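# Working through the structure, step by step
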Amino acid sequence: MRHNPPSRKPHDWVPPVPAFSAKIDGPVTMAYYGIQNRDDDAHALHEFQQWVATMSTGFDAPDVTEYADYVDEHGNATWVAMFYWRDAADSFPRWASRDDHEAFWLAPARETGGAGYFREVFHVPNDRLETLYSDESMSVGSGAGLGVHEGPIQSHNYWGSMRDRIPSSSTDEFAATFVLSQAPEARTAGFGERVIASGIDNLATIRSGELYDGLEGREKEVYEAELEPSVREGMRYLRDNPVASGCLVCRHMDESTPTGERIPRAFAVAHFDSLTRLEDWSESHPTHLRIFGRFIELAQELQGNIRLRLWHEVIVTTADMQHFEYVNCHPLTGFLPYAPTLHNLTPTAR
Ligand code: HEM
């Protein structure tokens, strides 16, 4: 099939290390629900975590729930639950209209006090999605619980392979419709409000993570001294340089159990104004070039006996596949400072 733009895969390409992709047959819904705990209120966090536990089970419950936390660029502790559904049957809207969802999410109490709440939801057809796992049995993200992944695949480890793995890239170049050219600025009060931010066509989102349990000796040394600090630096660059990088939102998170205890997994979620700008960062920024090169060297030095496992999922979504909602959050949260249109749903405006 003709590629648009043409594939950059070298002729007779043989990847230096193996990689795998999840077998995902239909659309996926990814819903990030977060609490922005500005006052570090243990009660508010506990209440949110209990609600998340309730919503992870029962009628139309998600296939996968994962948990993580980070401190945002304004110093606010944030805890996030990530829900995934892999079905075409619209479980998400039914789940989101369950009484126990509405009782919490729509409560006026959400709009006051020192905690804010947000949800960023993506409904993505599988031809706008790609996944990559360095180990065929990894269970995380949209491929969690699916068993053994497909592979070893051939289309990986050359620049441009991410694009090639997204099936509809063969007919769609995913041209930018919104080019980030202005620093984020407050466009709404945020606090005390319930705001829906309109979406952005061809937004490119990556969730890229590491599973670092059981690292020892040389591998542990290289991970701690070189890889992890470079990822941290690279994510800080994306978070703090939206105009130069095209990255609207970057959150570097540590994973936890349902009740917030740390587990040895970390990842970043970064949203770019186009797939091209995500490609540009990965193939030109010194931090990613360093970690990319060092990971391959390490895998070769250890003759493939590597414990560090890498994975990512990338989606390119149109505005009608997105839903961004912020309740009592600070005005620079998530997509609030960028959205072309904001719909305020606070009681006065309803
Ligand atoms: C320890 C951390 C990381 C390591 C060791 C690492 C290493 C790698 C490697 C080896 C590849 C090639 C994968 C393949 O095609 O087989 C890759 C691709 C890529 N990485 Fe990373 N990475 C890390 C973190 C990240 C993060 C946090 C991001 C962005 C948020 C990121 C963005 C990308 C992108 C966009 C590609 C695909 C490039 C393309 O195919 O055009 N990486 N990375």
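This text goes with the structure placed above it.
Just so you know, these numbers come straight off a predicted model, no measurement behind them.

About the thresholds
- Residues numbered from 1 in each chain as written.
- Predicted model: local features only at pLDDT ≥ 70, side-chain atom pairs only at ≥ 80, totals over all residues.
- Heavy atoms only, no water.
- Donors = N, O, S within 2.8 Å, 3.2 Å for Na, K, Ca; no water.
- Helix = DSSP H or I, 4+ residues; strand = E, 2+ residues; numbered from the N terminus.
- Pairing = 2+ DSSP bridges.
- Axes fitted to C-alpha atoms, helices over the stretch in contact; angles between N-to-C directions.
- Expected span 1.5 Å × (residues − 1).
- Buried < 20%, exposed > 50% of the residue type's maximum accessible area, 1.4 Å probe, protein only.
- Arc of directions from axis to C-beta.
- Contact = heavy atoms within 4.5 Å.
- Near = heavy atom within 4 Å.
- Polar contact = N/O pair within 3.5 Å; in protein donor to acceptor, adjacent residues only side chain to side chain.
- Nonpolar A, V, L, I, M, F, W, Y, C, P; charged D, E, K, R; others polar.
- Salt bridge = Lys/Arg side-chain N within 4 Å of Asp/Glu carboxyl O.
- Core = buried A, V, L, I, M, F, W, Y, C linked by side-chain atoms within 4.5 Å.

## With respect to the coordination of the iron atom of the ligand
The protein supplies the iron atom of the ligand with one donor atom, His-288 (NE2), which lies at 2.1 Å. Position of His-288 relative to the elements: it lies in helix α8 (residues 286-301).

## Re the sheet that holds strand β12 (residues 342-344)
Strand order in the open sheet formed by twelve strands is β5-β10-β7-β9-β8-β2-β3-β1-β4-β11-β6-β12, with antiparallel pairing between adjacent strands. With partners counted over all chains shown, the strands left at the sheet margins are β5 (129-133) and β12, one partner each. Taken over all neighbouring pairs, the strand axes of this sheet differ in orientation by 20 degrees on average, direction set aside. Inspection of the sheet shows strand β6 (residues 194-197) paired to strand β11 (residues 322-327) by four bridges, in the antiparallel sense. The residue of β11 that forms the bridge with Ala-197 is Phe-324.

## Concerning helix α1 (residues 42-55)
An α-helical turn contains 3.6 residues, so a residue and the one three or four places further along point in the same direction. Look at α1: 20 Å from first C-alpha to last across 14 residues, which is about the 20 Å you get at 1.5 Å a residue. Of the positions making up α1, those classed as buried are Ala-44, Phe-48, Gln-49, Trp-51, Val-52 and Met-55. Summarising the axial view, the buried residues of α1 lie within an arc of 160 degrees, below the 170-degree limit, and thus occupy one face. Opposite the buried face of α1, by more than 90 degrees, sit the exposed residues Ala-42 and His-43. In this structure, the buried side of α1 is in contact with β1 (28-37), β2 (64-71), β3 (77-85), α2 (91-96), α3 (99-105) and β4 (115-124).

## Examining the site of the ligand
Around the ligand, 23 residues are found, and the nearest of them are His-156, Asn-157, Gly-160, Met-162 and His-288. At 2.9 Å, a backbone N or O of Met-162 approaches an oxygen atom of the ligand. Secondary-structure elements contributing two or more residues to the shell around the ligand are α4 (161-165), β7 (203-211), α5 (217-240), α7 (275-284) and α8. No other element matches the five residues that α8 contributes to the shell around the ligand. For the shell around the ligand, the per-class residue count stands at 14 nonpolar, seven polar and two charged.

## Points about unusual backbone geometry
In this model, Gly-151 is joined to Pro-152 through a cis peptide bond whose omega is 0 degrees. Inspection of the secondary structure assignment puts Pro-152 in the loop between β5 and α4. Here Asp-60, not a glycine, exhibits a phi torsion of approximately 60 degrees, which is positive. With respect to the element layout, Asp-60 can be found in the loop between α1 and β2. For Gln-303, which is not glycine, the phi dihedral falls at a positive 50 degrees. Along the polypeptide, Gln-303 turns up in the loop between α8 and β10 (309-317).

## Details of the environment of Gly-334
Looking at where Gly-334 falls in the secondary structure, it is placed in the loop between β11 and β12. A residue is classified by how much of its surface remains accessible, and Gly-334, at 9% relative accessible area, is buried. For the pair Gly-334 and Phe-174, spaced 160 residues apart in the sequence, the C-alpha separation amounts to 22 Å. Those residues in contact with Gly-334, other than ones at most four positions away along the chain, are Glu-120, Val-249, Arg-251 and Tyr-326.

## What to know about the pattern of salt bridges
All told, the structure shown has 26 salt bridges when counted by the stated rule. Residue Arg-207 pairs with Glu-66 through a salt bridge whose shortest N-O separation is 2.8 Å. Taken together, the residues span a long stretch of sequence, with Arg-207 in strand β7 and Glu-66 in strand β2 at a distance of 141 residues. We classify Arg-207 as buried; its relative accessible area is 1%. Two residues, Glu-130 and Arg-165, come together in a salt bridge whose shortest N-O distance is 2.7 Å.

## Comments concerning the nonpolar core
Most often, soluble globular proteins have nonpolar side chains that are buried together. Met-30, Tyr-32, Leu-248, Tyr-326 and Phe-335 are the most contacted members of the largest nonpolar core, which totals 39 residues. Apart from residues lying up to four places away in sequence, Leu-248 is in contact with Phe-178, Leu-180, Ile-200, Leu-203, His-271, Phe-272, Asp-273, Phe-335 and Tyr-338. In terms of nonpolar packing, the next biggest core, distinct from the first, is built from 29 residues, Ala-204, Trp-281, Leu-308 and Val-316 among them.

## As for the pairing of β7
For β7, the buried fraction is high: eight of the nine residues fall into the buried class. Relative to β10, β7 runs antiparallel, the two being bridged by nine bridges. Following the sheet pairing, Gly-209 is matched in β10 by Trp-311.

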